[in-house]
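Residues per chain, in single letters:
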Amino acid sequence: MGLGKFRAGLLAGSTLMAFSLPAMAGSITGTIVDPATGKPLPATAITIPGTSYTTASGEDGTFTLANVPEGTYMVTAARAGLHTSSTRVTVPKDGSVTVSFEAYTAALEEIVVAANRYQASSLQMNASNTVDVMSAADLEHTAVHNVAEALGLLPGVNVMNTGQSFVGGIDGASRGEGMFTSIRGLNGEYNVNLINGVNVAQGMPYSREVQLSLLPPSGLSTIVVNKTSKADMDGDAIGGTVDFRTPTAFDYNQPLMFSFTASGRLETRAQDYNKSSLGYGLAGEAAGKFGRDNQFGVYVSAYYDIRHYANSEMGAVMESTCCDNAWAFAVANADGSNPSNLDPSKNLETTGFNAGVSSGYTERYGGNVSLDWRPDDTTSAFFRLGYAVAQTEQNSTLSQLVGMNVTYDQIGSTSLYRPNIQYLSTRLWYETNPEYSDLATAQLGGEKKWGNWTISPSAFISWGDNDRPNHIEISTRSTQNNGNGFAYGNSTLATYVNDLPYPLVGSDIIAQLGNVASLPARDRGELTEQYSGQVRGGGKMDVRYDVNAGPLDFIKFGVKYQDSERQVTNRDWYNGNFTDGRTFGSLGIISGNYSSVYPGLYNWSVPVIDQAALFRLYNTYSSPGNLDSCSSLYVNNWNCNTQKGTEAVSAAYVLANLKFNDLEVIPGFRFEHTAIHNTFWVTPHDSDGNELAGHWGYNSTHYNEPLPSIFANYRPNDNSVYRAAIWTSYTRPPFVQLGGGSQTSISNGVTTITEGNPNLKAITAVNYDVSGQWDTGHGGNLMVAGYAKQLSNYIYDNGSTYTNSAVTNSSSVIFHHPTNGGDGQVYGIELSARQKFQDMPAPFDGFGLGANLTRQWTSVNTKAAGLDPNERIQNAPEWMANIEAFYEKDGFTLDLIYHYTGAYVAQYDYLGLGSSWDDLWVRSSQRVDLHAGYDFGYGVRADLSVANLFDDVSYWSHIGKSSLAISDVVETGRTILVSMKYSY
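Student: What should I look at first to understand the overall build of the protein chain in this one?
Tutor: Secondary structure assignment for the protein chain yields ten helices and 55 strands. The C-alpha radius of gyration of the protein chain comes to 30 Å, within 12% of the 30 Å expected for a compact globule of 984 residues. Dimensions of the protein chain, computed from C-alpha atoms along their principal axes, come out at roughly 95 × 65 × 55 Å. Out of the 984 residues belonging to the protein chain, those deemed buried represent 58%. Counting only contacts in the protein chain whose residues sit at least 6 apart along the sequence, the fraction spanning at least 24 positions is 70%. For the protein chain, the exposed area adds up to about 36,600 Å²; of that, 55% sits on carbon and sulfur atoms.

Set out below in structure tokens:
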């Protein structure tokens, strides 16, 4: 049988390591030697990912992959201290084949593309800081909607499917996909998000978060989550730095590559409503190298996908604030307050809730371009461009039942009372939450080496938007009994079925809930337009000098400058009410009905609203004079919710790399200066309380942050590394807290001003990290990490409302403004392990297990009046876990993943009572996902994924840690995704 040769060169530091191997049909063998010394190089892993074919070179440098069937395979070589590299090999029935690939020293400060989990583990091992890496195969083997959900498979990462700064609460959660992430106990605004190393624009209106649901899991090759930050990384990352990597042509061994993927999607909850439940996706990529010595590389990719959804929701938390205040204490004092001997959170009851359906679609498209030039080993230049768009239509139809005129009746002759819900109002509320989001990054850079010097300049720009262009709503309600609805007269509204409230009402009320068309027409429609965006650009220069003298290996220093400009605008128009007695059904906006508002639980019907007809109705009565954003004068209404600002960040750093045999020490220092200038609208009032025409106001804030750090890495052998690090970091306050709009009033000679606070301090942290990682050399690896963070000047996410609002008196002026909180602590342990049972006899050698577990403890003093001085930090569950059973053999893969997230606090003092017992909690959740895939060879692969296999509830929030009486719940069903990919 013919023999082919399999050749590779591996450059390790100044050592060129090469191997050549003959590839015979049925086996691949070879020898790895160091050509500089002629000595063999042992312990280099040779694998065919996704199969049981794996081995390691022996002491004499030889290896054999035996009994390889005919077909096309990706063969991978990996060794500690080297970039993992792969090449495609076709093993013919007979004859010979010649292939080659190259891999270079893994620069310990750099993470490169990881094609599969084994390469990802190797890259984590080689990194000089604590990182988690998601490979391209990890992303393909999930059933997630977007990259935010994919990140939830990593230790220490919590995924939230709603927030407070945009479409928050149950409105956001009812879309049924993850939106934001917290890392190691810190919320999304405490993270830095990068695409190919470029800081992405923060388009959210009231937060520094980035809405990661914008990015699909396609079009990316590797995601790197940095849990620790060295001096050459941005300093405003207390939680972590997430870098989304896209491929380049030089990530592929062949001179020409292309792939095409087609997918189909099914959402089962939408099927329950007989609504559109299907979606599909198309994605393609191509890469090529050309020119002398293949010095030019081009990579392009594009994608499009759309999902349709219809999800069920029950909202009692939603009804507990604002206008309805639908809650009470089950046992109360005469004034309705909580008796001193009862736990208020366990004494709650709901006096109103809604059941509804949230339907719509999300359409995403975008792509990436990478242009590279590598004329020689000392010079490189590149251009990167990425663009992503997500457009969401969300229509929520909410059937409401609200208790009215709640009084209190004495319980016997005791001093205790119970509520008396005298009336029940049946209502319908329809709202839309459309969203247009985009995110783009562009970067031009390069690298040049002169002797011991390496200079790496780059310039970049990013822009992003999160707009809600035409949120519209309309409602109707029963009007009998002076507008209060049906007479009721009971102390409780609901019984509970599987912890969900079901109304204790007669058939007449249920019939009215299902016949809202007969209710009187109420309002003529309300429209809100909100636009928010940021443009960010800048440049940086990194310089490295290789000293190679004694323990000093190299020094590195650099500068970075970035400037950004943002604007947020929110305006509202209300058309008033109908007064002519017409019915809701006569408005011409009902186009059908949902036979069950919440299938399986709330089985009355609700109408389907024709959105186009609703806009025609709204436009019939709209006029510029209906603008009522927040004031009475038109000029104030137009500008009061507008905020503009600029932020310039200048940074410089220096670090050294010291090596003492197997110990590497990296001390560093970074300094960042920030200049923020805000523009906002001031609405004044005269001494009689009359509103006056406003004007623009201005303020500025400056931060100077010194950020020392020291890292140590001990590598006693090629299969283990131990790390320790202490570093400092900070986060700048949200823009709305620094420069929010101003309201000024005068009374009895005292001026009261409510506005943002430019004197807010940056949140700072001293961070500690220790970790160990081990590779078994037999298909397994283990990582253990411990971390601690000491926070100062904490600021929590409060959406558009001022955080920890306080009063400051200055002679005849009173200021109401946000203030910093106090100190906080985060402690945690992360465990991660994966083992393929490759040493077992076939076919059991394809089985394996993987798991990660996070246990963390958090506390913070928010300094908000009445709150516990040891609150849990927002969005930081104490427990998180992922457990995976998998099978990989002969091109077949099967993954069964269990995901668990413990309960966490989402919002402090939700009812505004100046206490902690009424914090809003998100209940612990679990989910099982299934993936199966098969590689047919010849570049063809098929995958099937099922998310939420057992139909678990996707979101459940509740007021009070110990009570589910007042909850918001979203049920989204299963998501089934089928894809077919062809690669050449």
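Student: What should I look at first to understand helix α1 (residues 117–126) in this one?
Tutor: Residues three or four positions apart in an α-helix share a direction because the helix packs 3.6 residues into each turn. When you tally the buried positions in α1, you get nine out of ten residues, the bulk of the element. Among all positions of α1, only Arg117, Gln119, Ala120, Ser121, Ser122, Leu123, Gln124, Met125 and Asn126 are buried.

Student: Sorry if this is basic, but what is going on with the packing of aromatic side chains here?
Tutor: Taken as a whole and assessed by the stated rule, the structure comprises 26 aromatic pairs. Here Phe329 and Trp917 contribute two aromatic rings whose centre-to-centre distance is 5.8 Å and whose plane-to-plane angle is 50 degrees, an arrangement assigned as tilted. Residue Phe329 is found in strand β21 (residues 327–329), and its partner Trp917 is found in the loop between β49 (904–907) and β50 (920–922); the two are separated by 588 residues along the sequence. Among the residues examined, Trp917 registers a relative accessible area of 21% and is labelled partly exposed. Every member of this aromatic cluster is reached through a ring pair, and the members are Phe353, Tyr502, Tyr598, Tyr602 and Trp604. The side chain of Arg923 reaches across the aromatic face of Trp956, ending 4.4 Å from its centre.

Student: What should I look at first to understand the environment of Gly739 in this one?
Tutor: Along the chain, Gly739 turns up in helix α10 (residues 735–739). Take Gly739: its relative accessible area is 0%, and that puts it in the buried class. Placed 58 residues apart in sequence, Gly739 and Trp681 show a C-alpha to C-alpha distance of 9.6 Å. Beyond its immediate chain neighbours, meaning those up to four positions away, Gly739 contacts Gln643, Asn678, Phe680, Asn699 and Gly756.

Student: Is there a simple way to explain the state of the cysteines in this structure?
Tutor: What is meant by a disulfide is a covalent connection between two cysteines, made through their sulfur atoms. Inspection of every chain in the model, using the stated rule, returns one disulfide. Through a disulfide, Cys630 is tied to Cys640; the S-S separation comes to 1.7 Å. Here Cys630, found in the loop between α8 (611–621) and α9 (634–639), pairs with Cys640, found in the loop between α9 and β35 (643–660); they are ten residues apart in sequence, far enough to count as distant. What makes Cys630 partly exposed here is its relative accessible area of 37%. Residue class for Cys640 comes out buried when judged on its relative accessible area of 8%.

Student: Got a minute to help me understand a nonpolar patch on the surface in this structure?
Tutor: On the surface, Trp450, Trp453, Phe557, Val654, Phe669 and Phe671 cluster together into a nonpolar patch covering about 570 Å² of accessible area. Locating Phe671 in the fold gives a position in strand β36 (residues 663–684). Among the residues examined, Phe671 registers a relative accessible area of 33% and is labelled partly exposed.

Student: How should the pattern of salt bridges be read in this particular structure?
Tutor: Two side chains that carry opposite charge are able to pair once their charged atoms sit near each other. In this structure the tally under the stated criterion is 34 salt bridges. Note that Asp305 is salt-bridged to Arg364, the shortest N-O span being 3.1 Å. Of this pair, Asp305 sits in strand β20 (residues 296–315) while Arg364 is found in strand β23 (residues 352–376), placing the two residues 59 residues apart along the sequence. Arg364 matches Asp305 in its accessibility class, with the two residues each being buried. In the salt-bridge network here, residues are joined through shared partners; they are Asp132, Arg184, Lys227, Asp769 and Glu830.

Student: I tried to follow the sheet that holds strand β11 (residues 131–134) on my own but got confused; where do I start?
Tutor: Pairing between the strands of a sheet is mediated by backbone hydrogen bonds and can be parallel or antiparallel. The sheet built from five strands is open, its strands ordered β11-β16-β17-β14-β15 with mixed pairing. Looking along the sheet, the strands with just one partner apiece sit at the ends: β11 and β15 (198–199).

Student: Which parts of the structure should I look at to understand the pairing of strand β40 (residues 750–754)?
Tutor: Burial of β40 is one-sided: the residues Thr751 and Ile753 facing one way are buried, the residues Val750, Thr752 and Thr754 facing the other way are not. One ladder, built from five bridges, connects strand β39 (residues 742–747) with β40; its direction is antiparallel. Directly across from Ile746, in β40, lies its bridge partner Thr751. Examined bridge by bridge, β40 and strand β44 (residues 813–817) share four bridges and lie parallel to one another.

Student: Can you walk me through α8 in this structure?
Tutor: Regarding α8, the residues found buried are Gln611, Ala613, Leu614, Phe615, Leu617 and Tyr618. Packing partners of the buried residues in α8 comprise β24 (379–410), β25 (417–432), β27 (453–477), β31 (526–549), β32 (552–574) and β34 (606–609).

Student: Help me out: how do you make sense of the side chain of Gln856 in this one?
Tutor: Within the fold, Gln856 resides in strand β46 (residues 847–860). Look at Gln856 and you get buried, because its relative accessible area is 1%. In this structure the side chain of Gln856 is engaged in a polar contact, spanning 2.8 Å, whose partner is the side chain of Tyr787.

Student: Help me understand the environment of Thr679 in this model?
Tutor: If you trace the backbone, Thr679 turns up in strand β36. Assessed through its relative accessible area of 17%, Thr679 is described here as buried. In this structure, the C-alpha to C-alpha distance between Thr679 and Gly741, residues 62 residues apart in sequence, is 8.6 Å. Look past the residues within four positions of Thr679 in its chain and what remains in contact with it is Thr642, Gln643, Lys644, Trp696, Gly697 and Tyr698.

Student: So what exactly am I meant to see when it comes to the nonpolar core here?
Tutor: Most often, soluble globular proteins keep nonpolar side chains buried together rather than apart. Judged by nonpolar contacts, the single largest core of 76 residues is most densely connected at Ile589 and Tyr602. Setting aside residues up to four positions removed in sequence, Tyr602 forms contacts with Met314, Phe353, Ala355, Leu500, Pro501, Tyr502, Pro503, Ser596 and Val597. Counting 28 residues, the second largest nonpolar core, distinct from the first, contains Val147, Ala148, Leu220 and Ala390.

Student: Mind showing me how you'd approach the pairing of strand β16 (residues 222–226) here?
Tutor: Of all five residues that make up β16, five are buried, and the element is covered over most of its length. Of the two faces of β16, the one lined by Thr222, Val224 and Asn226 and the one lined by Ile223 and Val225 are each fully buried. Pairing between β11 and β16: four bridges, direction antiparallel. Counted as the bridge partner of Val133 is Val224 from β16.

Student: Explain unusual backbone geometry here, please?
Tutor: If a residue is not glycine, its phi is most likely negative; likewise, a peptide bond is most likely trans. Going from Ala842 to Pro843, the amide bond is cis rather than trans, its omega being 5 degrees. Along the chain, Pro843 turns up in the loop between β45 (824–836) and β46. With a phi angle near 50 degrees, Asp890 is a residue other than glycine that sits in the positive phi range. Relative to the assigned elements, Asp890 resides in the loop between β47 (879–889) and β48 (892–901). On the accessibility criterion, Asp890 (42% relative accessible area) is partly exposed. Of note in the backbone geometry, Tyr938 takes a positive phi value of approximately 55 degrees without being a glycine. Structurally, Tyr938 is set in the loop between β51 (925–937) and β52 (940–947).

Student: Got a minute to help me understand the confidence of the model for the protein chain in this structure?
Tutor: Detailed conclusions should not be drawn from predicted coordinates in areas where pLDDT is low. Model confidence for the protein chain is summarised by a mean pLDDT of 89, while 90% of its residues fall at 70 or above. Per-residue pLDDT stays below 50 along residues 1–25; that stretch engages in 100 contacts with residues further than four places along the chain or on separate chains. Note that residues 80–84 has pLDDT below 50 and, in this model, 24 contacts with residues that lie over four places away or in other chains.

Student: Just to check I follow, could you spell out the environment of Ala388 for this structure?
Tutor: Note that Ala388 resides in strand β24. As a C-alpha pair, Ala388 and Asn368 span 20 residues in sequence and 8.8 Å in three-dimensional space. Aside from chain neighbours lying at most four places away, what touches Ala388 is Leu214, Leu215, Tyr303, Tyr365, Gly366, Ser437, Asp438 and Leu439.

Rules behind the numbers
- Residues numbered from 1 in each chain as written.
- Predicted model: local features only at pLDDT ≥ 70, side-chain atom pairs only at ≥ 80, totals over all residues.
- Heavy atoms only, no water.
- Helix = DSSP H or I, 4+ residues; strand = E, 2+ residues; numbered from the N terminus.
- Rg over C-alpha atoms; globule rule 2.2 N^0.38 Å.
- Buried < 20%, exposed > 50% of the residue type's maximum accessible area, 1.4 Å probe, protein only.
- Contact = heavy atoms within 4.5 Å.
- Areas by Shrake-Rupley, 256 points an atom, 1.4 Å probe, with all protein chains shown as cover.
- Phe/Tyr/Trp six-rings, centres within 6.5 Å; stacked < 30°, edge-to-face > 60°.
- Lys NZ or Arg CZ within 6 Å of the ring centre and 35° of its normal.
- Disulfide = S-S within 2.5 Å.
- Patch = residues over 30% accessible without salt bridge, like charges linked within 9 Å, V, L, I, M, F, W, Y side chains within 5 Å.
- Salt bridge = Lys/Arg side-chain N within 4 Å of Asp/Glu carboxyl O.
- Pairing = 2+ DSSP bridges.
- Polar contact = N/O pair within 3.5 Å; in protein donor to acceptor, adjacent residues only side chain to side chain.
- Core = buried A, V, L, I, M, F, W, Y, C linked by side-chain atoms within 4.5 Å.
- pLDDT = per-residue confidence, 0-100.

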